Amino acid sequence: MLENRIVDSFGRPLEYLRLSVTDRCNLRCFYCMPDERMKFLPKKELLSYEELGFVINELVGLGIKKLRITGGEPFVRRNMIGFLKGIVESHPELELGITSNGVLLGKHIKELKAIGIQKINLSLDSFDPSRFLRITARDDFQKVYGCLLDLIESGFQVKINCVVMKGVNDHEIPDFAEFARTFPVSIRFIEEMPFNGHGKQRGFLSYGQIKSILEEKYGTLDLQQAEISSSSFDFAPSGFEGSIGIIPAYTRSFCGSCNRIRISATGQMKTCLYGKNVLDLRGLIRSGKREEIKHMIINKYKVKEENGLQAEKGSELVSMSMIGG
Ligand code: SAM
Ligand code: SF4
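Note that the structure is predicted; figures quoted are calculated from it, not measured.

Some remarks on the overall build of the protein
Then, in step 1: Counting its secondary structure elements, the protein contains 11 helices and 12 strands.
Then, in step 2: Relative to the 2.2 N^0.38 estimate, which gives 20 Å for 325 residues, the radius of gyration of the protein is 19 Å and therefore close to what a compact globule would have.
Then, in step 3: The C-alpha extent of the protein, read off along each of the three principal axes, is 55 × 40 × 40 Å.
Then, in step 4: Within the protein, buried positions represent 55% of all 325 residues.
Then, in step 5: Excluding contacts between residues fewer than 6 apart, the proportion of contacts in the protein whose partners are at least 24 apart in sequence is 73%.

Quick notes on helix α6 (residues 173-182)
Then, in step 1: Taken together, the buried positions of α6 are I173, F176, A177, F179 and A180. Buried residues along α6 cover an arc of 140 degrees about the axis, so they all sit on one side.
Then, in step 2: Tucked inside the fold, the buried residues of α6 contact α5 (141-153), β5 (157-164), β6 (186-191), α7 (207-218) and β9 (243-247).

Comments concerning the site of ligand 1
Then, in step 1: Around ligand 1 there are 19 residues in total, and Y31, G72, S123, N161 and M193 lie nearest to it.
Then, in step 2: Note that a nitrogen atom of ligand 1 is positioned 2.7 Å from one of the backbone N or O atoms of Y31.
Then, in step 3: Here a nitrogen atom of ligand 1 and a side-chain polar atom of E73 are 3.3 Å apart.
Then, in step 4: Protein chains bury 95% of the 540 Å² of accessible surface belonging to ligand 1 in isolation.
Then, in step 5: Among the secondary structure elements, those contributing two or more residues to the shell around ligand 1 are β3 (95-100), β5 and β6.

Let's talk about the nonpolar core
Then, in step 1: Counting 99 residues, the largest nonpolar core has F189 and L214 as the members making the most contacts within it.
Then, in step 2: Beyond its immediate sequence surroundings of up to four residues, L214 is in contact with I173, A177, F189, G219, L221, F235, I244 and I246.

Structural notes on the pattern of salt bridges
A side chain with one charge can pair with a side chain of the opposite charge if their charged atoms come near.
Then, in step 1: Throughout the structure, instances matching the rule amount to 11 salt bridges.
Then, in step 2: A salt bridge links D8 to R12; its shortest N-O distance comes to 2.6 Å. The pair formed by D8 and R12 is uniform in burial state, with each residue classed as buried.
Then, in step 3: Between D128 and R131 there is a salt bridge, and its shortest N-O distance comes to 3.6 Å.
Then, in step 4: A relative accessible area of 15% places R131 in the buried class.

Some points on the packing of α6 against α7
Then, in step 1: Two elements in contact, α6 and α7, have axes separated by 10 Å at closest approach and are oriented at 60 degrees. Taken together, the axes of α6 and α7 are oblique relative to one another. Of the two possible hands of crossing, α6 and α7 adopt the one that is right-handed. The segment α6 lies against α7, with I173, P174, A177 and E178 engaging I210, I213, L214, K217 and Y218.
Then, in step 2: Taken together, the residues that form the contact of α6 with α7 break down as seven nonpolar, no polar and two charged.

Quick notes on the sheet that holds strand β12 (residues 278-280)
Then, in step 1: If you walk across this open sheet you meet the 12 strands as β7-β8-β9-β6-β5-β4-β3-β2-β1-β10-β11-β12, and the pairing is mixed. Every other strand in the sheet has two partners, leaving β7 (224-225) and β12 as the edge strands with one partner each.
Then, in step 2: Relative to β9, strand β8 (residues 233-235) runs antiparallel, the two being bridged by three bridges. Each bridged residue has a counterpart across the sheet, and for D234 the counterpart in β9 is G245.
Then, in step 3: Across the sheet, helix α2 (residues 80-90) is in contact with β2 (66-70) and β3; its angle to β2 comes to roughly 175 degrees.
Then, in step 4: Contacts between α5 and the sheet are confined to β4 (119-123) and β5, with β4 contributing the most and set at about 155 degrees to the helix.

Parameters and conventions
- Residues numbered from 1 in each chain as written.
- Chains lettered and ligands numbered in written order.
- Predicted model: local features only at pLDDT ≥ 70, side-chain atom pairs only at ≥ 80, totals over all residues.
- Heavy atoms only, no water.
- Helix = DSSP H or I, 4+ residues; strand = E, 2+ residues; numbered from the N terminus.
- Rg over C-alpha atoms; globule rule 2.2 N^0.38 Å.
- Buried < 20%, exposed > 50% of the residue type's maximum accessible area, 1.4 Å probe, protein only.
- Contact = heavy atoms within 4.5 Å.
- Arc of directions from axis to C-beta.
- Near = heavy atom within 4 Å.
- Polar contact = N/O pair within 3.5 Å; in protein donor to acceptor, adjacent residues only side chain to side chain.
- Areas by Shrake-Rupley, 256 points an atom, 1.4 Å probe, with all protein chains shown as cover.
- Core = buried A, V, L, I, M, F, W, Y, C linked by side-chain atoms within 4.5 Å.
- Salt bridge = Lys/Arg side-chain N within 4 Å of Asp/Glu carboxyl O.
- Axes fitted to C-alpha atoms, helices over the stretch in contact; angles between N-to-C directions.
- Parallel < 35°, antiparallel > 145°, perpendicular 65-115°, else oblique.
- Left-handed = near helix turned anticlockwise from the far one by under 90°.
- Nonpolar A, V, L, I, M, F, W, Y, C, P; charged D, E, K, R; others polar.
- Pairing = 2+ DSSP bridges.

The structure is reproduced here in structure tokens:
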């Protein structure tokens, strides 16, 4: 009988797809992209909207319940709203979210609301415009902050992704945490990973160090995963509208419950963010092997690495914007 779900070699069901729709971006966060000389791919190398739709259909057929659209920056791709609308119409049952830097998203808030998308992860690493400029190399703080406030005001479920780095923005940890006192958002402090094209972390701050900084303010913390497969360890101080969490993206203590499939904008399916176990979906689609794809995806996960530390051995640490964060 044909299998109709993806279960990895350790018995874990895969139900969450993170799909990158472009490698391009309008910011240049130094922890993500090597520098201004970043070379982007010609459009023909990216999966077309038709091909992306096909991949989503196949994976929904294999039991995917959650989909996150990411990049690069999703909203730099033309007609992103039309693409999102198409997903919701074809798969209304999917839990659909978007990760964005918020520079262009602000002008699409009404359309997103009309389509019915609720979950937005917005990346913001500083509340200080000049520090924002130093991190992203673009003077766009006001746009992103304005977008954040509009999203909250419009009732979206907002998570703020903040990559914290020693000597860069670690002193802003309490300000970010306090933002969740007033606003119903989930703040997630993310450990810096070496996916920036040169492999060196600028100011790595570990889960434990971030937790200690928070404990100075809020006392001893009992951090819990919101869901079994969540990468974030959270707490909600009493009286807060929102919550605060830490994502040990580099120390990787959540790998045991991983349920993610990652597909890059060029259609490379990665069984682990850190690994090199890849299936070339674009190659299969463009060589007329569409009907073999489901079977090949299932088989690829039969050789999944147990965790990110295992997977990392011998891997290339490219830019996060290429993989899709
Ligand atoms: N451009 C969108 C954005 O920034 O939200 C989506 C793509 S971005 C690659 C997705 C997430 O990956 C962002 O929250 C970003 O902060 C995070 N990220 C990128 N490079 C990272 C790194 N080296 N370490 C940790 N997180 C990283
Ligand atoms: Fe662009 Fe997002 Fe990477 Fe920043 S983190 S450079 S916004 S893809």
